[in-house]
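Chains, contacts and geometry: an overview
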Amino acid sequence: MRKWLTPLLATMLAVAPLAQASDGARWTPTEADAWYAKQEWLVGANYTTSNAINQLEMFQAETFDPAAIDRELGWAKQQFGMNTMRVYLHDLLWQQDPQGFLKRVDTFLSIAEKHGIKPMLVLFDSCWDPDPALGAQRRPIPGVHNSGWVQSPSRHMLVDRANDAHFQAYVEGVIGHFANDKRVLAWDLWNEPDNPGGGNYMDKQLKGEQERIAELLPKIFDWARSKKPAQPLTSGVWIGDDWSPGAASLTSIQRTQLEQSDVITFHNYEQPEAFVSRIAQLRKYGRPLICTEWLARGNGSNVDTILPIARRENIGMINWGFVDGAIQTRFPWDSWQRPYTMEPPTMWFHDLLNADGTPYRAREAELFRQLAKTPRKNVPAF
């Protein structure tokens, strides 16, 4: 998601409870490795139903669509061999109707389980529209990438410390409900917490937002751990030149992400050599690695080149996104400045499937299937 960055800004997992898991503390590297060793090679996509413009529309009672979920997750398993999906939740849904929201998440997890898919669930997100509202969501802006996605929490809720009780109830309520649920792979607590918005929202941050997130993120890890989940906790790094331990450029938010995550997650939409460099930086933490966002064909992040590297290195991979639909992420990031209304882009930016379930490129689907079923030691050169 995002990635509209200027050069200046660009420089700024489910299982039964582990018998030896730390009691309310961060997992040790040994515990994290033991969990990862029990998983298949993790491969999937960031998933929103094709008819939903954002996470609210996907999970609101009026627009929740189990039939679409069943159909599209079936495509994920059958055509790509996927075994996970990264799926966004929203704090306003908890505030509106906690029990109804949990019931819909439960339904989603049951459908995913039917197809052999264990989702990673995302609680908070700092990308795109900072003023989410419940109810009917606007329709996509023609030719524009991810034109209706919303942040969680809203900017005004974020800066008001009186809402901490709500945030705590949301984190503890959702994670507590599914803490020992084998259908949940992992908890991604906050997507790109240091993202200043994206698209046309770059100047919409309120004073003190980043400081508030830096203050909140450690608390969110603590609230999540208080429920003793059997699944790992994480929040992925995505910006900056060096993520190595002790790097002088690491911010307080990044340090929390890297020092509190049970498994290390990251985003990378770059050329293969940059992807390999990021792996080298993060290997030093001695924990399993999962790339929770990748695939930007116009940037050089392609299935043909990136996925075989990840399989060889045993890096879990969750690309953005899946079925071409209302989020319109087949359009590139620059569509916010130059909407693709006259003709489509030369190549799709993200996404893997047409709306009718046919692959954008049959060869990509073939590679996913082949690598998903290939033992690591037998991964071929491509």
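What this report covers is the structure whose coordinates are included nearby. The structure displayed is predicted, hence computed values, not measured ones.

Here we take up the pairing of strand S8 (residues 316–320). Of all five residues in S8, five are buried, a share of seventy percent or more. Two strands pair when backbone bridges link them, and strand S7 (residues 289–293) and S8 are joined in this way by two bridges, in the parallel orientation. In the sheet register, Cys291 faces S8, and the bridge partner there is Met317. Taking the sense of rotation as the criterion, the β-α-β connection linking S7, helix H12 (residues 303–313) and S8 turns out right-handed.

What follows covers the pattern of salt bridges. The tally for this structure, following the rule as stated, stands at 23 salt bridges. Between Arg155 and Asp131 there is a salt bridge whose closest N-O contact spans 2.8 Å. Note that Arg155 is positioned in helix H7 (residues 155–159) and Asp131 in the loop between strand S3 (120–125) and H7, a separation of 24 residues in sequence. Notably, a salt bridge pairs Arg283 with Glu313, separated by 3.4 Å at the nearest N-O pair. Taken as a pair, Arg283 in helix H11 (residues 272–283) and Glu313 in helix H12 lie far apart in primary sequence, 30 residues in all. Through salt bridges with shared partners, a single network forms among Arg161, Asp164, Arg212, Glu215 and Lys219.

Reading across from one edge, S5-S4-S3-S2-S1-S8-S7-S6 is the order of the eight strands in this open sheet, with parallel pairing throughout. Where the open sheet ends on each side, the last strands, each with one partner, are strand S5 (233–234) and strand S6 (264–267). In this structure, strand S1 (residues 43–46) lies alongside S8, joined through four bridges in parallel fashion. Among the inter-strand pairings, Asn46 is bridged to a residue of S8, identified as Trp320. Docked against the sheet, helix H8 (residues 164–178) engages S3 and strand S4 (186–191), running at close to 180° with respect to S3.

About the cut-offs
- Residues numbered from 1 in each chain as written.
- Predicted model: local features only at pLDDT ≥ 70, side-chain atom pairs only at ≥ 80, totals over all residues.
- Heavy atoms only, no water.
- Buried < 20%, exposed > 50% of the residue type's maximum accessible area, 1.4 Å probe, protein only.
- Helix = DSSP H or I, 4+ residues; strand = E, 2+ residues; numbered from the N terminus.
- Pairing = 2+ DSSP bridges.
- Right-handed = clockwise from strand over helix to strand, strands pointing away.
- Salt bridge = Lys/Arg side-chain N within 4 Å of Asp/Glu carboxyl O.
- Contact = heavy atoms within 4.5 Å.
- Axes fitted to C-alpha atoms, helices over the stretch in contact; angles between N-to-C directions.

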